[in-house]
Amino acid sequence: QVQLVESGGGLVQAGGSLRLSCAASGRTFSDYRMGWFRQAPGKEREFVARISARGGVTYYADSVKGRFTISRDNAKNTVYLQMNSLKPEDTAVYYCAAVYLSKVASNDEKRYDYWGQGTQVTVSS
């Protein structure tokens with residue numbers, strides 16, 4: 001089992017920045033690819049970003065490309081999502097997720113094995 005705990009959400013004005021953190025425990029963190037997803041009210045959960053197990057490869061949804069940066073610190077068992085130039089449409093609950101290294105990297109939430117409880121991000125206009 002892998003336990004994931006997100007933090008760093010909050011209320012921010014449009015154009016502002018937030019950094020989300022996701023602390024992992026329970027298994028060897030560097031054995032897992034990590035992803036961030038989000039779910040806005042009334043909408044399905046959607047892919048935001050993912051990062052390879054060693055951190056060398058990242059991938060972003062078009063809607064956040066150039067504004068968000070995913071990174072990880074395997075020594076701290078933590079993955080981050082730096083969010084800049086935030087827009088009201090970024091308002092959502094943000095979740096981190098983990099998938100074991102042996103599985104193919106994917107933007108599909110169904111492929112992820114472990115999930116955090118989520119952290120709310122609200123961007124005011």
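This text goes with the structure placed above it.
Residues numbered from 1 in each chain as written. Predicted model: local features only at pLDDT ≥ 70, side-chain atom pairs only at ≥ 80, totals over all residues. Heavy atoms only, no water.

What follows concerns the overall build of the protein chain. Per the secondary structure count, the protein chain includes zero helices and eleven strands. When the helices and strands of the protein chain are listed from N to C terminus, the series reads β-β-β-β-β-β-β-β-β-β-β. In terms of C-alpha radius of gyration, the protein chain reaches 13 Å, essentially the compact-globule figure of 14 Å for 125 residues. Projected onto the principal axes, the alpha-carbon positions of the protein chain cover approximately 40 × 25 × 25 Å. The burial tally for the protein chain puts 45% of its 125 residues in the buried class. Put simply, 59% of the contacts in the protein chain that link residues at least 6 apart link residues at least 24 apart. Counting 16 positive and 11 negative side-chain charges, the protein chain places the centres of these two groups 4 Å from one another. (Helix = DSSP H or I, 4+ residues; strand = E, 2+ residues; numbered from the N terminus. Rg over C-alpha atoms; globule rule 2.2 N^0.38 Å. Buried < 20%, exposed > 50% of the residue type's maximum accessible area, 1.4 Å probe, protein only. Contact = heavy atoms within 4.5 Å. Lys, Arg positive; Asp, Glu negative; His and termini not counted. Charge placed at Lys NZ, Arg CZ, Asp CG, Glu CD.)

What follows deals with the side chain of Glu 6. Inspection of the secondary structure puts Glu 6 in strand E1 (residues 3-7). Arg 45 is the oppositely charged side chain nearest to the buried, salt-bridge-free Glu 6, at an N-O distance of 7.6 Å. Within the structure, Glu 6 has its side chain in polar contact with the backbone nitrogen of Cys 96 (distance 2.9 Å). Side-chain polar atoms of Glu 6 contact the backbone nitrogen of Gln 117, separated by 3.0 Å. If sequence neighbours within four positions are ignored, Glu 6 has contacts with Ser 21, Cys 22, Trp 36, Tyr 94, Tyr 95, Cys 96, Gly 116, Gln 117, Gly 118 and Thr 119. (Salt bridge = Lys/Arg side-chain N within 4 Å of Asp/Glu carboxyl O. Polar contact = N/O pair within 3.5 Å; in protein donor to acceptor, adjacent residues only side chain to side chain.)

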